[in-house]
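Observations on chain architecture
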Amino acid sequence: MKRRVVVTGLGAVTPIGNTVEEFWDGIKEGKVGIGEITKFDTTEYKVKIAAEVKDFQAKDRMDFKAARRMEPFSQYAVAAAKEAFEDSGLDMSKEDPFRVGVIVGSGIGSLQAVEKEYEKIRTKGPGRVNPLLVPMMISNMAAGNISIQLGLKGKCTNVVTAWVRDMFYFDEKPLGEIMQELSHWYEFNVVFEKESLKQRKFTIETSRYEDIDKVLKLIEETHVVTCRKEGKTIYIQ
């Protein structure tokens with residue numbers, strides 16, 4: 001039976017509203033989110049307009065100390081995720097945090113952090129660079145900060161590609177790691193009857209809508225192993 005995917009909660013931080021309610025009201029009112037750029041000096045630029053997030057106060061949406069260690073893109077992601085989490089009614093005290101994951105699409109992270117710290121290197125030397133530069137600027141920290149703030153310990157990843165071909169793409173990873181990640185999606189236990197198989201390198205591509213039987217058949221055909229499914233357990237030899 002195919003797994004169903006449903007939307008149970010919504011969150012929004014947008015140029016026309018910083019909550020779902022504000023965003024929806026903005027849509028109904030025909031509100032325009034594009035305006036003059038205010039976040040940097042555009043004197044030398046031909047383009048003067050952008051769709052900026054406006055009037056966002058991170059301290060009102062999350063822990064203030066945590067917010068200070070995030071760049072705006074991470075703050076926006078955490079705020080929207082917290083709203084969606086609350087909207088869903090999910091009670092993590094009743095859930096297994098290792099089975100709750102985060103996937104965020106974040107194209108580039110924080111260029112302004114890179115620019116600011118580069119200027120420090122250029123004018124004051126490398127000793128003045130913020131030691132938190134990397135965790136503040138890399139794009140996957142949107143997903144990482146959501147996981148930290150909400151206590152989620154399952155799969156945590158970031159999508160930066162212009163198009164996403166499949167939900168599952170494992171390129172040259174050990175089979176043990178691949179099966180562990182797949183088990184989070186399909187809810188089964190994995191037993192390797194030959195311990196050496198865990199470290200074999202594999203590339204697996206599957207459609208996001210494939211059922212587990214098709215995934216196992218693909219693994220067998222591509223990598224010359226035998227997969228046996230008994231109830232909620234899969235044996236690989």
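Residues numbered from 1 in each chain as written. Predicted model: local features only at pLDDT ≥ 70, side-chain atom pairs only at ≥ 80, totals over all residues. Heavy atoms only, no water.

Thoughts on a nonpolar patch on the surface
Inclusion rule: Like-charged residues within 9 Å of one another, or nonpolar side chains (Val, Leu, Ile, Met, Phe, Trp, Tyr) within 5 Å, are grouped into patches, provided each residue has over 30% relative accessible area and no salt bridge. We get accessible surface area from the Shrake-Rupley algorithm with a probe of 1.4 Å; when it comes to residues, only the shown protein chains can shield them. Criterion for a salt bridge: a side-chain nitrogen of Lys or Arg within 4 Å of a carboxyl oxygen of Asp or Glu. Only DSSP runs of H or I reaching four residues or more are called helices, and only runs of E reaching two or more are called strands; each is numbered from the N terminus. When a residue's accessible area, from a 1.4 Å probe over protein chains only, is under 20% of the maximum for its type it is buried; when over 50% it is exposed; and in between it is partly exposed.
Residues V32, I34, V47 and I49 make up a contiguous nonpolar surface patch of roughly 410 Å² in combined accessible area. Mapped onto the fold, V32 is located in the loop between helix 1 (20-28) and strand 1 (35-36). With a relative accessible area of 61%, V32 lands in the exposed category.

Details of the pattern of salt bridges
Scanning all chains against the criterion turns up five salt bridges. The salt bridge involving K59 is made with D60; its shortest N-O contact spans 3.6 Å. Across the pair K120 and E117 runs a salt bridge whose closest N-O atoms are separated by 3.4 Å. With a gap of three residues between them, K120 and E117 both fall in helix 4 (residues 111-124), about one helical turn apart. A residue is classified by how much of its surface remains accessible, and E117, at 4% relative accessible area, is buried.

Focus: the confidence of the model for the protein
Threshold: pLDDT expresses, on a scale from 0 to 100, how confident the predictor is about each individual residue. Should any heavy atoms of two residues lie within 4.5 Å, those residues are considered in contact.
For the protein, the mean per-residue pLDDT works out to 81, and 73% of the residues sit at or above 70. Below pLDDT 50 for its whole length, residues 163-172 participates in 33 contacts with residues either more than four positions away or in separate chains. Segment residues 202-209 is flagged for pLDDT under 50; beyond a separation of four residues in sequence, or across chains, it makes 37 contacts in the model.

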